[in-house]
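Here are the chains, one letter per residue:
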Amino acid sequence: MVAGPRRSVLVGTVTAALVVGAGVGWVLRDRPPPPAEQVARTVVVTPSATPGMTQAQWAALREAELAAANEATLADALTQAQAATLAAQSTLTESADEVADDAVRAALAALVAELQTALAADDPDADAIRALVVEVQTAQGTVVAAHEAWLAAAASPTPRADDDDECRTTYDGPAFYTSAPTEGGDGSNGNVPASMLAATSWGVDSQGTRYWLRTDATAALERLNKDFRAEFGHDLDLDLTYRDYATQVAMRKALGSIAAEPGTSRHGTGLALDVPEWPCEYGYDTPERDWLVNNGPDYGWVSPSWARSNGSNPEYWHYEFTG
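Here the structure is a predicted model, which means the values were calculated and not measured.

## Regarding the overall build of the protein chain
Here comes step 1: Helix and strand counts for the protein chain come out as 7 helices and 7 strands.
Here comes step 2: Reading the helices (α) and strands (β) of the protein chain from amino to carboxyl end gives β-β-α-α-α-β-β-α-α-β-α-α-β-β.
Here comes step 3: Taking all 323 residues of the protein chain together, the buried fraction comes to 38%.
Here comes step 4: For the protein chain, the exposed area adds up to about 17,300 Å²; of that, 53% sits on carbon and sulfur atoms.

## What about the pairing of strand 3 (residues 197-204)?
Here comes step 1: Taking burial as the measure, the 8 residues of strand 3 include 6 buried ones, the bulk of the element.
Here comes step 2: The pairing of strand 3 with strand 4 (residues 210-214) spans 4 bridges and is antiparallel. By the bridge assignment for strand 4, Ala-199 is matched with Trp-212.
Here comes step 3: Where strand 3 folds back onto strand 4 in an antiparallel hairpin, the turn is made up of 5 residues, including Gly-208, whose phi is positive at roughly 85°.

## Re the packing of aromatic side chains
Here comes step 1: Going through the model one piece at a time under the given rule, you end up with 7 aromatic pairs.
Here comes step 2: Between Phe-228 and Phe-232 the ring centres are 4.7 Å apart and the planes differ by 40°, which places this aromatic pair in the tilted class. Residue Phe-228 and its partner Phe-232 are located together in helix 4 (residues 215-232), separated by 4 residues, close to a single helical turn.
Here comes step 3: Its relative accessible area of 0% is what places Phe-228 among the buried residues.

## Notes on the confidence of the model for the protein chain
Here comes step 1: Mean pLDDT for the protein chain: 80, with 77% of residues reaching 70 or above.
Here comes step 2: Across residues 1-48 the pLDDT falls below 50, and counting only partners more than four positions away or on other chains, this stretch makes 74 contacts in the model.

## Some words on a negative patch on the surface
Here comes step 1: A contiguous patch of negative charge on the surface is contributed by Asp-122, Asp-123, Asp-125 and Asp-127.
Here comes step 2: Tracing the backbone shows Asp-122 in the loop between helix 2 (103-119) and helix 3 (126-154).
Here comes step 3: We classify Asp-122 as exposed; its relative accessible area is 70%.

## Quick notes on the pairing of strand 7 (residues 318-321)
Here comes step 1: Side-chain alternation along strand 7 places His-318 and Glu-320 on one buried face and Tyr-319 and Phe-321 on a second face that is also buried.
Here comes step 2: The pairing of strand 6 (residues 301-302) with strand 7 spans 2 bridges and is classified as antiparallel. Among the inter-strand pairings, Trp-301 is bridged to a residue of strand 7, identified as Phe-321.

## Points about the sheet that holds strand 5 (residues 272-274)
Here comes step 1: Here we have 3 strands laid out as an open sheet, ordered 5-7-6, and antiparallel in their pairing. Edge positions in the sheet fall to strand 5 and strand 6, since each of these pairs with one other strand and no more.

## A short note on the nonpolar core
Here comes step 1: Core analysis: the biggest nonpolar cluster contains 23 residues, and Leu-221, Leu-224, Leu-236, Tyr-282, Leu-292 and Trp-301 have the highest contact counts within it.
Here comes step 2: When contributions to this core are tallied by element, the ones reaching two or more residues are strand 4, helix 4, helix 7 (287-295) and strand 7.
Here comes step 3: Per-element tally for this core: the top contributor is helix 4, with 5 residues.
Here comes step 4: Counting 20 residues, the second largest nonpolar core, distinct from the first, contains Ala-77, Ala-88, Leu-92 and Val-133.

## Overview of the state of the cysteines
Here comes step 1: On inspection of all chains with the given rule, the structure shows 1 disulfide.
Here comes step 2: Each sulfur of the disulfide joining Cys-167 and Cys-280 lies 2.0 Å from the other. Taking the sign of the S-S torsion, about -80° here, the bridge from Cys-167 to Cys-280 comes out left-handed. Of the two residues, Cys-167 is situated in the loop between helix 3 and strand 3 and Cys-280 in helix 6 (residues 279-282); the sequence distance between them amounts to 113 residues.
Here comes step 3: Take Cys-167: its relative accessible area is 9%, and that puts it in the buried class.
Here comes step 4: For Cys-280, a relative accessible area of 30% gives the class partly exposed.

Rules and cut-offs
- Residues numbered from 1 in each chain as written.
- Predicted model: local features only at pLDDT ≥ 70, side-chain atom pairs only at ≥ 80, totals over all residues.
- Heavy atoms only, no water.
- Helix = DSSP H or I, 4+ residues; strand = E, 2+ residues; numbered from the N terminus.
- Buried < 20%, exposed > 50% of the residue type's maximum accessible area, 1.4 Å probe, protein only.
- Areas by Shrake-Rupley, 256 points an atom, 1.4 Å probe, with all protein chains shown as cover.
- Pairing = 2+ DSSP bridges.
- Phe/Tyr/Trp six-rings, centres within 6.5 Å; stacked < 30°, edge-to-face > 60°.
- pLDDT = per-residue confidence, 0-100.
- Contact = heavy atoms within 4.5 Å.
- Patch = residues over 30% accessible without salt bridge, like charges linked within 9 Å, V, L, I, M, F, W, Y side chains within 5 Å.
- Salt bridge = Lys/Arg side-chain N within 4 Å of Asp/Glu carboxyl O.
- Lys, Arg positive; Asp, Glu negative; His and termini not counted.
- Charge placed at Lys NZ, Arg CZ, Asp CG, Glu CD.
- Core = buried A, V, L, I, M, F, W, Y, C linked by side-chain atoms within 4.5 Å.
- Disulfide = S-S within 2.5 Å.

Structure follows, in C-alpha cells:
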C-alpha cells in the first residue's frame, strides 16, 4: 500500500504565481517589500488578500503556498508510483517463465523493490520517486517486448521433421484453435470455467492462447512432459486442448461426422488433447507416438482404441486423460 502525504496544510483563497526576473513589482500598493533573499521574485496576489499585509504575514502566506505546492507534487509522484508498481507487478506475473532471458524480469523486479523502499521512507523525495517511476516503466517495456517475442516464437512451432511432402501436416481443413476457459461457465461440456482448468507451463497456440485442461489432467501432463523432454530433447508439441461449445459447433459444421457431436467432445471437458498433425514426428510408428502410447498410461494419458491405426476413427494426434 502506498502511504499518503504525511502532513496537511490549510490554504486560503490566495493564488500566487512566481515570475523569475531581475525586477520586482507589487500589485498591492500598501504591501511591505519581501525579504532581501526573495528580491528576485515577483508575487501576484489576488484582491482577496488583505491590503496592508505585514512582512511576517506575507512570509507565513508564502510558506503555506509553497508547502501546499510541495504536497501536491508529492501526492502526484505517489500516485504515479502506485500505478507504475501495479503495472510492473502485473507484467512480472504474466511473463513468468515466458521470456528468453529472465534477466530482464529480474531487473524490473529489483527496480520495483527500490521504488517501494523510496515510498516507505519517512520523508519521501518526490523527484527521486518520479525518476524511479521512469526507470520502472522503461524496464517494464523491455519485459513486455521480451514476453511478446517469446509468445510469437511459441505460437509458430515448426516441425522438426524434414520439410518434404510426406512430412507435411495431414490436416487440410479450416483452422480451429484451442479455447480459453468459458466466462461464467457452469461446468458442463464446452462450458468449463477457469476454476476447473489450468494452463500448461509451456506453449501457446497460433493466436497466443494458452493450452488449458482440467486441473488434474494438466498436472499429470506436466509430469509426462518432463520425461518426454528428457527422452526427445524438446517439449511435447500441442495443437488443441480445451474446446468450448461454440467451437464444437463450428467444427461439426465444417468437418461433419469426423468431429464429435457438440456437447459430447472429450475436449469439451478439458480431458483431451491433440498434438500437431505431423506424420513424421507424431504419426503412427514414430518414436514419439510409440513413447506416448507406451508411457502415457503411467500418467493417465492414453490413445483411445478408436484412434489407433486399426480403430474406427484413426487419429494419431488424439490423446485422452483417464486419471
